[in-house]
Structure formats: C-alpha cells, structure tokens
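Chain by chain, the residues run as shown.
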Amino acid sequence: RRARKAEKLAPTFGAMATGLLAEADLRPSTRRAWESVLKVSIEPQLGSRKPAGLSKDDIRRALAAVRARSVWAAAPAHKVLPWLFTLAVQKDILPASPMVGLRRADFRVKDGGRRKVVATPAELRAVWNAAEKAGAYGSAVRLAMLTLARRGEIFEARTSEFDLDGKVWRIP
C-alpha cells in the first residue's frame, strides 16, 4: 500500500526531488544552488529511477559517479540528498531513507583535491583599496574580507540582521 502511494506521489526520483524542492521554504540562493546540484549532478544518476526502489548501494554508486565527474560536486550532492530523502520520509512518500548509514566524510574532497590559493598581504591590500572605489559592491567585498561570510549571505542580508550598537551581524 505504501509503495503504491510512493509510486503515485513520486513516479521518479526526479519528479519527487523537483516537487519537494518546489514546496520547501528555502532562501532563494539555497534554492538556486540545490536546483543546480539536482539538475547537473544528481538527476543524471537517479532522475529516472523509482525512489522507493533506491538502495544504499544505488546512492553510493550515484555519489561515486558524481565525484568521478567532479570532486567539488560530491559534497553538495551529499548535502541535498539526505535532506530530500528525510523530507520524503516525513511526507510519507518513502518508508525509509536509503541515505541511512552513508557518511558525508566518504564523499569529501581529500587533501589532494583541495585548492591551495593564498592571497599575499599585498594582494589583499590591493583588493581592499580597489573596493573603496567600487560603491556598494566594494562595501560588500570589504564585508566579505572582514567576516569571511559567503557571497550569498552578504548580498541577501537584510538591515534587520545587523545590530550596529552591539556590532553584531546575525546571519539567519
């Protein structure tokens, strides 16, 4: 009976993922990023499969294929998939998540794949000084340099997130 319900609500993984993402209360930048991860990395591997028939091994193979294509795509894919499967279980689309027992660490970029780019003090100073002449965008660059916040967090920040008296930025 549950399998029939899953079949009706989500005939394919792609349909299930698209539907769950459309209903989710996500920040616009998160929605765009996760839609991209789904379209580029996950749907080519799992999109046409029936979600109720996916096993842990299917997920492991799909993530390995994503990692083989791009080591940088594996971690975001491993972030989106557990969220999707957990939501599918909560909404009674699936009886259980095939992600149970899979560790994100298994799909992280190892040291050999890490980017090792370090700006020199002179380069940082040049960016800082150039940002002064770049208006609002330059202010955002300076804020990023000071806080190490992500680009999306800075450009989507609301004034209500800043406590100027307390000198605190509360990122939701």
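None of the values given here were measured: they were computed from a predicted structure.

(A) The nonpolar core, seen in detail. Judged by nonpolar contacts, the single largest core of 29 residues is most densely connected at Phe13, Ile42, Ile59, Leu81 and Phe85. For this core, the secondary-structure elements that each account for two or more residues are α2 (13-23), α3 (28-46), α4 (56-69) and α5 (71-90). The element contributing the most residues to this core is α5, with eight residues. Among all residues touching Leu81, those that are not within four sequence positions of it are Phe13, Ile42, Leu46, Ile59, Leu63 and Met99.

(B) Geometry of unusual backbone geometry. Located in the positive-phi region is Asp92, a residue other than glycine, with phi close to 60 degrees. Relative to the helices and strands, Asp92 is located in the loop between α5 and α6 (121-131). Its relative accessible area of 33% is what places Asp92 among the partly exposed residues. Even without being a glycine, Leu148 presents a positive backbone phi close to 60 degrees.

(C) Spotlight on the packing of aromatic side chains. Within this structure, the stated rule accounts for four aromatic pairs. Between the aromatic rings of Tyr137 and Phe155, the centroid separation amounts to 5.8 Å while the plane-to-plane angle is 20 degrees, which identifies the pairing as stacked. Taken together, the residues span a long stretch of sequence, with Tyr137 in helix α7 (residues 135-147) and Phe155 in helix α8 (residues 151-155) at a distance of 18 residues. Assessed through its relative accessible area of 54%, Tyr137 is described here as exposed. Ring geometry for Phe162 against Trp169: centres 5.0 Å apart, planes inclined by 20 degrees, an arrangement best described as stacked.

(D) Looking closely at the environment of Leu102. Here Leu102 is to be found in the loop between α5 and α6. With relative accessibility at 11%, the residue Leu102 sits in the buried group. The spatial distance from the C-alpha of Leu102 to the C-alpha of Pro82 is 9.4 Å, given a sequence separation of 20 residues.

(E) Spatial organisation of the environment of Phe162. Inspection of the secondary structure puts Phe162 in strand β1 (residues 162-163). Take Phe162: its relative accessible area is 30%, and that puts it in the partly exposed class. Those residues within four positions of Phe162 in sequence are excluded, and the remaining contacts are Leu143, Ala157, Val168 and Trp169.

Analysis parameters
- Residues numbered from 1 in each chain as written.
- Predicted model: local features only at pLDDT ≥ 70, side-chain atom pairs only at ≥ 80, totals over all residues.
- Heavy atoms only, no water.
- Core = buried A, V, L, I, M, F, W, Y, C linked by side-chain atoms within 4.5 Å.
- Buried < 20%, exposed > 50% of the residue type's maximum accessible area, 1.4 Å probe, protein only.
- Helix = DSSP H or I, 4+ residues; strand = E, 2+ residues; numbered from the N terminus.
- Contact = heavy atoms within 4.5 Å.
- Phe/Tyr/Trp six-rings, centres within 6.5 Å; stacked < 30°, edge-to-face > 60°.

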